[in-house]
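Secondary and tertiary structure notes
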Amino acid sequence: MTNSQLTILGLSGGIATGKSTCAKVLLDLLPETVLFDADACVRDLYQRDTVLRALAAHFGDGLFSDGGEINKGLLRERAFSNPADKQFLEDLFHPLVRQECLALLAQTVKNSQSRLFVADVPLLFENGFDFGQSTNLLVATSRNTQVNRLRQRNNWDANTVQSVLSSQMPIESKFALADVVIWNEGPVKTLRSQCRRYLNSLNLNL
Ligand SMILES: CC(C)(COP(=O)(O)OP(=O)(O)OC[C@H]1O[C@@H](n2cnc3c(N)ncnc32)[C@H](O)[C@@H]1O)[C@@H](O)C(=O)NCCC(=O)NCCS
Ligand SMILES: Nc1ncnc2c1ncn2[C@@H]1O[C@H](COP(=O)(O)OP(=O)(O)OP(=O)(O)O)[C@@H](O)[C@H]1O
């Protein structure tokens, strides 16, 4: 038996615009939703031996603490200040992330009667990440709100915030590529109403 009623959504946005919050709301509204989270997938891949070996070969042993842990702060700094390092990470991770996403989707189509599959992929638009989705949803905010959230949630200094933001596609360019935009400047309650109306427009009957 295969799942012929599945709606497949791509979910994206800039850093800290509220992708994870939106995904959580969608899951809460429709608990049967199957969610692929690309950031969580990358975190899991950081445990894989082949990945660790490739990272050590590129960045050197200085990337690892004495206990063998990766220094994510250092890696973040390298990724967002040196385009060649960012490219290296993307070349290493993106094919693996795509593989994991397609595997979960195939499993969902084959074994689940869920009506919704959502892939939360930060670089959906930058990379033209195509996994068979019917719609791409963009969660957007003003740059000011991104800055405030990054200062508060991540406790990042102004330089780190600026280097990460300027390494991402401007949100205005993403507007042109998205099918639906959720403007996440209000309270989470408003985000929830927007998500509910959106799911209803897909005939998911909440
Ligand atoms: C740069 C790294 C070390 C930062 O790790 P950290 O734990 O601080 O952040 P985390 O992975 O949770 O990502 C948080 C956010 O950073 C932004 N971000 C991550 N990678 C990138 C990138 N290559 N380009 C632009 N923005 C990025 C996204 O908005 C993402 O939602 C890590 O994100 C990484 O290895 N990135 C390369 C892989 C990648 O492209 N991941 C994006 C999902 S496919
Ligand atoms: N509508 C909202 N009102 C207030 N705070 C919000 C709202 N949406 C998200 N936030 C807060 O903003 C921060 C970023 O949200 P979230 O983690 O969902 O973003 P993200 O796009 O997934 O981030 P990242 O790019 O780092 O993965 C979190 O601290 C979250 O609680």
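Residues numbered from 1 in each chain as written. Chains lettered and ligands numbered in written order. Predicted model: local features only at pLDDT ≥ 70, side-chain atom pairs only at ≥ 80, totals over all residues.

**Overview of the overall build of the protein**
Counted only if it meets this: Only runs of H or I of at least four residues qualify as helices and only runs of E of at least two qualify as strands under DSSP, and these elements are numbered from the N terminus. It is over C-alpha atoms that the radius of gyration is taken, and the globule rule equals 2.2 Å times the number of residues to the power 0.38. Once C-beta atoms have been placed from the backbone, residue pairs whose C-beta atoms lie within 7 Å are recorded as contacts.
Counting its regular elements, the protein contains ten helices and five strands. Its C-alpha atoms give the protein a radius of gyration of 18 Å, within 12% of the compact-globule value 17 Å for 206 residues. Considering only contacts in the protein between residues 6 or more positions apart, those separated by 24 or more positions represent 78%.

**Describing the UniProt feature "binding site: ATP" (unreviewed entry) in the protein**
Formally: UniProt positions are given in the numbering used here, feature names are shortened, and annotations may be inferred rather than shown by experiment. Here a residue counts as buried when 20 or more other C-beta atoms sit within 10 Å of its C-beta, as exposed when there are 12 or fewer, and as partly exposed otherwise, the C-beta atoms being derived from the backbone.
When the UniProt feature table is mapped onto this chain numbering, "binding site: ATP" (unreviewed entry) sits at Ala16, Thr17, Gly18, Lys19, Ser20 and Thr21. Excluding residues that lie within four positions of it along the chain, lysine 19 makes contacts with Leu11, Ser12, Gly13, Asp120, Pro122 and Val139. With respect to the helices and strands, the residue serine 20 is situated in helix α1 (residues 19-29). Here serine 20 falls in the partly exposed class, since 17 other C-beta atoms lie within 10 Å of it.

**Quick word on the site of ligand 1**
Applicable threshold: Only the C-beta atom matters for nearness: placed from the backbone, it must lie within 6 Å of the molecule or strand for the residue to count as near. Three categories are distinguished: nonpolar for Ala, Val, Leu, Ile, Met, Phe, Trp, Tyr, Cys and Pro, charged for Asp, Glu, Lys and Arg, and polar for the others, with Gly belonging to the last.
Around ligand 1, the surrounding shell holds 18 residues, and the nearest of these are Ile15, Ala79, Leu89, Phe93 and Pro122. Looking at the shell around ligand 1, the elements that each hand over two or more residues are α2 (38-45), α4 (72-81) and α5 (83-111). When residues in the shell around ligand 1 are grouped by element, the largest group, six residues, is from α5. Here the shell around ligand 1 is built from residues that sort into ten nonpolar, three polar and five charged.

**Overview of the nonpolar core**
Condition: Think of a nonpolar core as buried Ala, Val, Leu, Ile, Met, Phe, Trp, Tyr and Cys residues chained together by C-beta atoms that fall within 7 Å.
Membership of the largest hydrophobic core comes to 30 residues, with the highest contact counts inside it found for Leu11, Cys22 and Val118. One finds Phe80, Leu150, Val161 and Val164 within the second-largest nonpolar core, a separate group that totals five residues.

**Things to note about the site of ligand 2**
Taken together, 16 residues lie around ligand 2, and Ile15, Gly18, Lys19, Ser20 and Thr21 are the ones closest in. Breaking the shell around ligand 2 down by element, the ones donating at least two residues are α1, α7 (143-153) and α10 (188-201). Per-element tally for the shell around ligand 2: the top contributor is α1, with three residues. Residues that form the shell around ligand 2 fall into these classes: six nonpolar, six polar and four charged.

**Comments concerning the sheet that holds strand β5 (residues 180-183)**
Sheet strands line up and pair through hydrogen bonds in the backbone, either parallel or antiparallel. Heads up, the rule is: In this scheme, strands are said to pair when DSSP sees at least two bridges between them. Axes here mean lines fitted to C-alpha atoms, for a helix over just the part in contact, with angles spanning 0 to 180 degrees between N-to-C directions.
Taken in spatial order, the five strands make up an open sheet running β2-β3-β1-β4-β5, and their pairing is parallel. Looking along the sheet, the strands with just one partner apiece sit at the ends: β2 (34-37) and β5. Recorded for the sheet is a direction-independent mean angle of 20° between the axes of neighbouring strands. Here strand β4 (residues 135-140) pairs with β5 via four bridges, running parallel. Looking at β5, one finds that leucine 138 is bridged to valine 181. Packed on one face of the sheet, α5 meets β1 (7-13), β2 and β3 (116-120) and runs near 175° to β2.

**Topic: the pairing of β3**
Of all five residues making up β3, five are buried, and the element is well covered by its neighbours. Pairing geometry for β2 and β3, over four bridges, is parallel. Bridging from a neighbouring strand, phenylalanine 36 pairs with alanine 119 of β3.

**A few points about the environment of leucine 45**
When you line up the elements, leucine 45 lands in helix α2. Here the alpha-carbon distance between leucine 45 and arginine 149, two residues 104 residues apart in the chain, equals 26 Å. Beyond its immediate stretch of four places on either side in the chain, leucine 45 contacts Val51, Phe93 and Leu96.

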